[in-house]
Amino acid sequence: MGMRLLQAVLFLPGLLIGLTLHEFAHAWSASLLGDDFARRQGRVSLNPLRHLSALGTLALLVLPFGWGKPVPVNLYNFRRPKWDYLLTSLAGPAANLFVVGLCFLLMLATRHCYRYGPLAEPFLLVGHYGLMMVALINVLLAVLNLLPIPPLDGSKIWPCLIPGLKPSFGRRTVWVFIILLIVLLQTGRLDTVVRTVIEGVLHWMPASDSEALDHLRAQGTKAHEDGEYAEAERSFTAALAMNPWSGECLSGRAAAREKLGNLNGALEDVSRAIELRRFDPEYREWRAGLYEALNRKDEAVGDWELAELLHGDPGAFAALEAGRRANRGVLDKLKVALPKVEFSGAPLSDALQFVRDVAELDVEVDWEALAAEKVYRETPVTANLRDVTVREALKAFLGSAREGEPIRYGVADGKVIIPAPGGGPPSAE
Amino acid sequence: MGLRPRPSAAVRGFFLGPGEGEKYNGPGSDSVLGRTMFRALRKLASLPFLWAGQLAGVFHLPVSVPLLDLAWAISRDGNFGRTALMGLYRQEGPEAAQAQAAAWMDQHPRPEIASWAGMLAAGAGDLDQARSYLARGREIGDDPAGMFELLELTIAFHRDDYQRLRQLTASLGARRDLAPSVRKLVLEQGLWQAMLDRQFDQARARAQYLLEVEDNQPADMALLALARRDRDPALIRRCLERTAALPARDKLYFQFLGSLAIGAADDARRSLAELRELDPAMARRAEQVITSYGGPAWA
């Protein structure tokens, strides 16, 4: 029942569109050919509620198919009953084939799911597979309806074509055929028809790039396993041309390049993969190894440390990242330009307040630590500067407050800290 | 005790149906979606009883009637009501069905029930009552199934008002939204009018049109008369084969009309005499038809 429900949910949009257009096409064509009986019953409408049969919709949960309310056609209203009935009967399957054609056209637009960036990718993928489902349901509706079994449209077509037979042929025995049809579908006797149709349509259907990507990725993985690294690199490069954001393809190509000795190429791919998966310690370790192999020890140490941190507590890394972002904001504010700075013997605390005010900076001063260096709030500072940055002004104030070695400041946790913690360089920016 | 919130018209309509004094617009709410959902749910719930009742009806089991009544009570769908009345008609006869239809028209009037009640009244000869049901039905709501036209034609038939029937046939003949049964009746009337008006080419075309759609014994009888007139033995044989299953009284009725149309007065007289013996009422009707055309050719 669960599977049936899932199947029903997946089939529902296609069936809703297919059955509505199918029945609408019957009613509309009948009306065009002179029979307004269906129009009188409100069936020349694209409102699905007018065409859906409660039983036919519920049948979806039990049977592998559903159906709509049949459109009442009055042959006595036609000018040429046989010919017009034939056209009216064909209109339903033709409408389903029209939907299939429309889906194919739209699928041409949605097939390049990676072309418009990672944000559009899931929508295009879902849209593509949704259209595929709608097309498959509609092609099945068209083909199954053409079977010459009452009450399907096919049974109405052949009495119109064979001389001597009447369009009303077989109406009284319709229930026998309905039971026969259900038995055929339930026992899988029509599976061959269904499978042939689906395979044929899938062959002609515009394939999504995701399918081609999967194929290339599998090809690359297989080549790597077989030791054909150049072939693997080619496959992954082709896949990355479709989707430059595929982490799996980036790491696959990096592995192939590493085996081929192209360490710089591998490093470039791993770095791009890290941008996609920033909290994955294994990528950091991989890159650290590559840095070491390339004799870039400092960068290797940085990645080893981050990998260590991520292995221990991924949250700490996130906090570090957040701190870095905040510090970048402070550094940007230190670059703010000041046209004129004139301080002549003003207390240091006033000068630092000036920095706080003009650059909207959070400046934290450890006055006790400064007192140990014999620098106080009241220590006079002098600076006459023009067209300088806040950083230059701050350095001038701190340089003026103590003769000899200037007081150092640092940037941490989104603040300017005076003096710099740990006695580091003048700025730990 | 606090004030109870008043449900909005749409909510009230969804659960309770139209209020007192409101025109019937189908069970359920005032909104199309709500009404359709509510109707669909009620119909779904009543379907098992409808099917069981129909199945029991096939085997003439008395339980068919209460089951069909239950389906109607749950769904309050006019078509289900009509099915229940038909079941009652088969099981207990026209009087019971007529009484039930009258009761339901008072309690839960529906266009479908009005048309069926009218047909029953016409069948019982109460043509004024049938006309009143027709008028009431048209007031209650739409008739997408086209049953009111059928009732109108039936009333004209039972009234033996052939002038009115000719007028109706002419006015309905121009319409293209009729139900199959009504349109077929109109076309058959047109065929025999053409025969009696001696427009034989038109009559032949109409008969062939009717036969193109499905087997039609009145059309075959018209073609038989035309074949006799044209002395076409092959067609006569074919028509006789196709009308072999037609009840004798119907065959005599059409033979009388056909013979009269082609001017075979002796054959017409003989057929009428045989029809009088077999079914005097039908013979009277045949004579009335001819009278409406200006009397029999031999008169």
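The structure displayed is predicted, hence computed values, not measured ones.

J.: Please explain the overall build of chain A as it appears in this structure.
T.: Secondary structure assignment for chain A yields 18 helices and five strands. Sorting the 429 residues of chain A into buried and exposed places 36% on the buried side. Taking the contacts inside chain A whose residues are at least 6 apart along the sequence as the reference set, 59% of them involve residues at least 24 apart.

J.: Is there a simple way to think about the overall build of chain B in this case?
T.: When its secondary structure is counted, chain B shows 16 helices and zero strands. Put simply, chain B has 299 residues, and 42% of those count as buried.

J.: Just checking my understanding: could you explain the sheet that holds strand 4 (residues 410-412) of chain A for this structure?
T.: The strands making up a sheet associate through hydrogen bonds between their backbones, and the pairing can be parallel or antiparallel. Residues and elements named next belong to chain A. Read from one edge to the other, the open sheet built from three strands follows the order 2-5-4, with strand pairing classed as mixed. At either margin of the open sheet sits one strand with a lone partner, and together these are strand 2 (363-365) and strand 4. Strand-to-strand twist in this sheet, taken as the mean axis angle between neighbours without regard to direction, amounts to 30 degrees. The pairing of strand 4 with strand 5 (residues 415-418) spans three bridges and is classified as antiparallel. For Val411, the partnering residue across the bridge sits in strand 5 and is Val416.

J.: I would appreciate a short explanation of the interface of chain A and chain B in the present structure.
T.: Frequently, the measure chosen for interface size is the accessible area removed from exposure when the parts meet. Listed per partner, the contact involves 20 residues of chain A and 17 residues of chain B. At the level of elements, helix 2 (37-40), helix 3 (54-58) and helix 4 (81-110) of chain A are the ones that each hand at least two residues to the side of chain A that touches chain B. The leading source of residues in the side of chain A that touches chain B is helix 2 of chain A, at three residues. The residue inventory of the side of chain A that touches chain B, partitioned by class, reads eight nonpolar, six polar and six charged.

J.: Looking at this model, I keep getting lost on helix 14 (residues 248-261) of chain B. Mind explaining?
T.: Residues spaced three or four apart along an α-helix point in a common direction, a consequence of the helix completing one turn every 3.6 residues. Residue and element names in this part refer to chain B. Between its terminal C-alpha atoms helix 14 stretches 20 Å, which fits the 20 Å expected from 14 residues at 1.5 Å a residue. Most of helix 14 is tucked away: 11 of the 14 residues are buried. Listing the buried residues of helix 14 in full gives Lys251, Leu252, Tyr253, Phe254, Gln255, Phe256, Leu257, Gly258, Ser259, Leu260 and Ala261. Looking at the buried residues of helix 14, the elements they touch are helix 10 (180-196), helix 12 (217-230), helix 15 (265-278) and helix 16 (280-292). One or two steps after helix 14, the chain reaches Gly263, where phi turns positive at roughly 85 degrees.

J.: Help me out: how do you make sense of the nonpolar core in this one?
T.: Generally speaking, a soluble globular protein has its nonpolar side chains buried in company with each other. Formed by 119 residues in total, the largest nonpolar core has its most connected members in Leu191(B) and Ala222(B). A per-element tally of this core places helix 5 (residues 121-145) of chain A first, with 12 residues. In contact with Ala222(B), not counting residues within four places along its chain, are Leu191(B), Trp192(B), Met195(B), Ala203(B), Ala207(B) and Gly258(B).

J.: Would you mind going over the confidence of the model for chain A with me for this structure?
T.: Summing up the model confidence of chain A, the mean pLDDT is 85 and the portion of residues at 70 or higher is 92%. Confidence drops under pLDDT 50 across residues 423-429 of chain A; counting only partners more than four residues distant or on other chains, this segment forms 14 contacts.

J.: Is there a simple way to explain the environment of Val99(A) in this structure?
T.: Residues and elements named next belong to chain A. With respect to the helices, strands and loops of the structure, Val99 is situated in helix 4. Residues Val99 and Ile137, spaced 38 residues apart in sequence, show a C-alpha to C-alpha distance of 9.9 Å. If near-sequence neighbours (up to four positions away) are discounted, Val99 is found in contact with Ile17, Gly18, Leu21, Val134 and Asn138.

J.: When you look at the packing of helix 12 of chain B against helix 13 (residues 233-242) of chain B in this model, what are you seeing that I'm missing?
T.: In a packed pair of helices, the relevant descriptors are the angle between the two axes and the axis-to-axis distance. All names here are of chain B. With their axes 9 Å apart at the nearest point, helix 12 and helix 13 run at an angle of 155 degrees to one another. The angle between the axes of helix 12 and helix 13 places the two elements in the roughly antiparallel class. Once helix 12 is placed against helix 13, the crossing between them reads as left-handed. Contacts between helix 12 and helix 13 involve Asp220, Leu223, Leu224, Ala227 and Arg228 from the first element and Leu235, Ile236, Cys239, Leu240 and Arg242 from the second. Looking at the contact of helix 12 with helix 13 residue by residue, the classes come out as seven nonpolar, no polar and three charged.

J.: Got a minute to help me understand helix 10 (residues 229-242) of chain A in this structure?
T.: Residue and element names in this part refer to chain A. Over its 14 residues, helix 10 extends 20 Å from the first C-alpha to the last, a length consistent with the 20 Å expected when each residue adds 1.5 Å. Those residues of helix 10 that fall on the buried side of the exposure criterion are Ala232, Glu233, Ser235, Phe236, Ala239 and Leu240. Down the axis of helix 10, the smallest arc covering the buried residues is 165 degrees, so these residues share one side. Opposite its buried face, helix 10 presents the exposed residues Ala230 and Ala241, each directed more than 90 degrees away. Contacts made by the buried residues of helix 10 are with helix 9 (209-225) and helix 11 (247-259).

Conventions used here
Residues numbered from 1 in each chain as written. Chains lettered and ligands numbered in written order. Predicted model: local features only at pLDDT ≥ 70, side-chain atom pairs only at ≥ 80, totals over all residues. Helix = DSSP H or I, 4+ residues; strand = E, 2+ residues; numbered from the N terminus. Buried ≥ 20, exposed ≤ 12 C-beta atoms within 10 Å, placed from the backbone. Contact = placed C-beta atoms within 7 Å. Pairing = 2+ DSSP bridges. Axes fitted to C-alpha atoms, helices over the stretch in contact; angles between N-to-C directions. Nonpolar A, V, L, I, M, F, W, Y, C, P; charged D, E, K, R; others polar. Expected span 1.5 Å × (residues − 1). Core = buried A, V, L, I, M, F, W, Y, C linked by C-beta atoms within 7 Å. pLDDT = per-residue confidence, 0-100. Parallel < 35°, antiparallel > 145°, perpendicular 65-115°, else oblique. Left-handed = near helix turned anticlockwise from the far one by under 90°. Arc of directions from axis to C-beta.

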